[in-house]
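Structural characterization, general
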Amino acid sequence: SSGIYQVWTDGITVGPPVPIVVNRALRLPAIGTITNYVAVPHNAGMIGFANITIEAWVKTGGNISQNIILNKGGASYDYQLGITSATNNPYFRAQGIIIQATSMSINPNVWTHLAVTYDGASVKFYKDGALGFTQASVSPLGTSTNEMNIGRGNTDPGSGNIEELRLWSV
């Protein structure tokens, strides 16, 4: 037979080794550093939809500056999910329009599941699965051919950790 088998020192063969799964979060540097992020080159699947959901597990490092989770478009801000400085309110940006979830905040150094949905008529924010804020908006999502950044806006850095980031258009 083929394959890799573990052989114990007493000569007993016990079959293929069990893979060890390691789950690692993206660890961003101290606030103010914009050199550590993930850049995703543009592809056609990043634009051209009317509704969007962005979700991630986040553990921000602080609130001295904005904590950017995802930004599509660089300076064009086609769509963006971030957390404001000082108040720790999550916000969604579609080009020039910013919707801030003023009635909810994300605690620094605490793992939190954050999600935002936009259906072309309203923006909804969810914290740990519970709806926390809704606001009407008709902001169009941008269509630039710029890259997508995880952990950085244009000049805005993120800090802390980001894990299981998902972008949906349903």
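Look above for the structure.
My aim in this report is to walk through the structure given alongside it, one point at a time. Remember, it's a predicted structure, so these values are computed and weren't measured experimentally.

1. Focus on the nonpolar core
In terms of nonpolar packing, the biggest core is built from 28 residues, with Y79, F92 and F125 touching the most fellow members. Those elements that place two or more of their residues in this core are β3 (52-59), β4 (67-72), β5 (79-83), β6 (90-94), β8 (112-118), β9 (122-127) and β11 (148-150). Among the elements that make up this core, the one with the highest residue count is β3 (four residues).

2. Some remarks on the packing of aromatic side chains
By the definition in use, this model includes three aromatic pairs. Aromatic side chains F49 and Y79 sit 5.9 Å apart centroid to centroid with 45 degrees between the ring planes, which places their arrangement in the tilted category. You can see F49 sitting in the loop between β2 (38-40) and β3 and its partner Y79 sitting in strand β5, a full 30 residues away along the chain. With respect to burial, F49 and Y79 carry one shared label: buried. One residue, R93, lies across the ring of Y77, its end atom 3.6 Å from the ring centre.

3. Comments concerning the sheet that holds β3
With respect to topology, six strands assemble into an open sheet ordered β1-β12-β3-β8-β9-β10, the strand pairing being antiparallel. What marks the edges here is a single partner per strand, and that holds for β1 (26-28) and β10 (130-136). Across the sheet, the mean angle separating the axes of adjacent strands is 25 degrees when strand polarity is ignored.

4. Notes on the pairing of β9
Summarising the sheet, β8 and β9 pair through five bridges and their orientation is antiparallel. Bridging from a neighbouring strand, L114 pairs with K127 of β9. The hairpin turn running from β8 into β9, its antiparallel successor, is three residues long, and G120 in that turn takes a positive phi close to 90 degrees. Pairing analysis gives six bridges linking β9 to β10, with the strands arranged antiparallel.

5. Some thoughts on the sheet that holds β2
If you trace the six strands from one edge of the open sheet to the other, you get β2-β11-β4-β5-β6-β7, paired in antiparallel fashion. The open sheet has two edge strands, β2 and β7 (97-100), and neither has a second partner. Within this sheet the neighbouring strands show an average axis-to-axis angle of 15 degrees, counted without direction. Taken together, the four bridges between β5 and β6 define a ladder with antiparallel strand orientation. Paired with G82 across the bridge in β6 is Y91.

6. Some points on the environment of N43
Following the sequence through the fold, N43 ends up in the loop between β2 and β3. For N43 and T145, which are 102 residues apart along the polypeptide, the C-alpha to C-alpha distance reads 7.5 Å.

Rules behind the numbers
- Residues numbered from 1 in each chain as written.
- Predicted model: local features only at pLDDT ≥ 70, side-chain atom pairs only at ≥ 80, totals over all residues.
- Heavy atoms only, no water.
- Core = buried A, V, L, I, M, F, W, Y, C linked by side-chain atoms within 4.5 Å.
- Buried < 20%, exposed > 50% of the residue type's maximum accessible area, 1.4 Å probe, protein only.
- Helix = DSSP H or I, 4+ residues; strand = E, 2+ residues; numbered from the N terminus.
- Phe/Tyr/Trp six-rings, centres within 6.5 Å; stacked < 30°, edge-to-face > 60°.
- Lys NZ or Arg CZ within 6 Å of the ring centre and 35° of its normal.
- Pairing = 2+ DSSP bridges.
- Axes fitted to C-alpha atoms, helices over the stretch in contact; angles between N-to-C directions.

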